[in-house]
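What the coordinates show
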Amino acid sequence: MTHRLMTRRLITRWLPSPLLSLALLLLWLMLNQTLEPAHLLLGSALAIAAPLLTAPLQPFKAHIGKPAAILRLFSWALLEIIRSCFNVSRIILFRKADNLNSQFIKVPLDLSDPTGLAVLSCLINCTPGTVWVEILQDTHELSLHVFDLHDENWWIDTIKQRYESPLMAIFAREAS
């Protein structure tokens, strides 16, 4: 084994996430607003210990691909969040509560990557008027609550085409 490889393994063993460690150290120093040696030492210890202690909580590394799909996904999500903000605000401020059609719907999912599902959950829960309830294990359907439902098929198509399809491209597992 070469010296370079041994050094790299030693660094990765003690710093499994070097960028996270650097960010933690910088955050520690900014919060304390000092560069005193004691704070540098304590911040460094925390920056090394936190990723080491949380490493077992990360069962696998996500394989991310297709940067264009990421851009498309977050563009659609941003537009949908802004649109929903205006719609939900209008409903709350100017509409009577008895006119609401609050419903639960089921969206069949093809996405199975845990990281992709987590991102989908975040996107749906960031959109005003929608709440991710659960994934039904027996049918692999997403149970979703919609604040004011007018067209169930529109929601299913939107989630399948604008969110799930790009996420499947982003988190596609390469065949081994």
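The next subject is the overall build of the protein chain. Scanning the protein chain from N- to C-terminus turns up 6 helices and 3 strands. The C-alpha atoms of the protein chain give 22 Å as radius of gyration, which overshoots the globular expectation for 176 residues (16 Å, by more than 25%). Once the C-alpha set of the protein chain is aligned to its principal axes, its extents read approximately 65 × 45 × 30 Å. Every one of the 176 residues in the protein chain was classed for burial, and the buried ones make up 27%. Accessible area for the protein chain stands at about 12200 Å²; split by element, carbon and sulfur atoms hold 65% of it. Of the charged side chains in the protein chain, 15 are positive and 14 negative, and the gap between their average positions amounts to 11 Å.

This paragraph deals with the side chain of Glu164. Assignment of secondary structure puts Glu164 in helix H6 (residues 152-170). Glu164 sits in the buried class, given a relative accessible area of 2%. At 2.7 Å, the side chain of Glu164 and the backbone nitrogen of Leu111 are in polar contact. Here Glu164 is in contact with Pro108, Leu109, Asp110, Leu111 and Ile159, once residues within four sequence places are set aside.

The subject of this paragraph is the pattern of salt bridges. According to the stated counting rule, one finds 5 salt bridges in the structure shown. With a shortest N-O distance of 2.9 Å, Asp110 and Lys160 are connected by a salt bridge. Of this pair, Asp110 sits in the loop between strand E1 (103-108) and helix H5 (114-126) while Lys160 is found in helix H6, placing the two residues 50 residues apart along the sequence. On the accessibility criterion, Asp110 (53% relative accessible area) is exposed. Judged by its relative accessible area of 15%, Lys160 is buried.

The rules behind these values
Residues numbered from 1 in each chain as written. Predicted model: local features only at pLDDT ≥ 70, side-chain atom pairs only at ≥ 80, totals over all residues. Heavy atoms only, no water. Helix = DSSP H or I, 4+ residues; strand = E, 2+ residues; numbered from the N terminus. Rg over C-alpha atoms; globule rule 2.2 N^0.38 Å. Buried < 20%, exposed > 50% of the residue type's maximum accessible area, 1.4 Å probe, protein only. Areas by Shrake-Rupley, 256 points an atom, 1.4 Å probe, with all protein chains shown as cover. Lys, Arg positive; Asp, Glu negative; His and termini not counted. Charge placed at Lys NZ, Arg CZ, Asp CG, Glu CD. Polar contact = N/O pair within 3.5 Å; in protein donor to acceptor, adjacent residues only side chain to side chain. Contact = heavy atoms within 4.5 Å. Salt bridge = Lys/Arg side-chain N within 4 Å of Asp/Glu carboxyl O.

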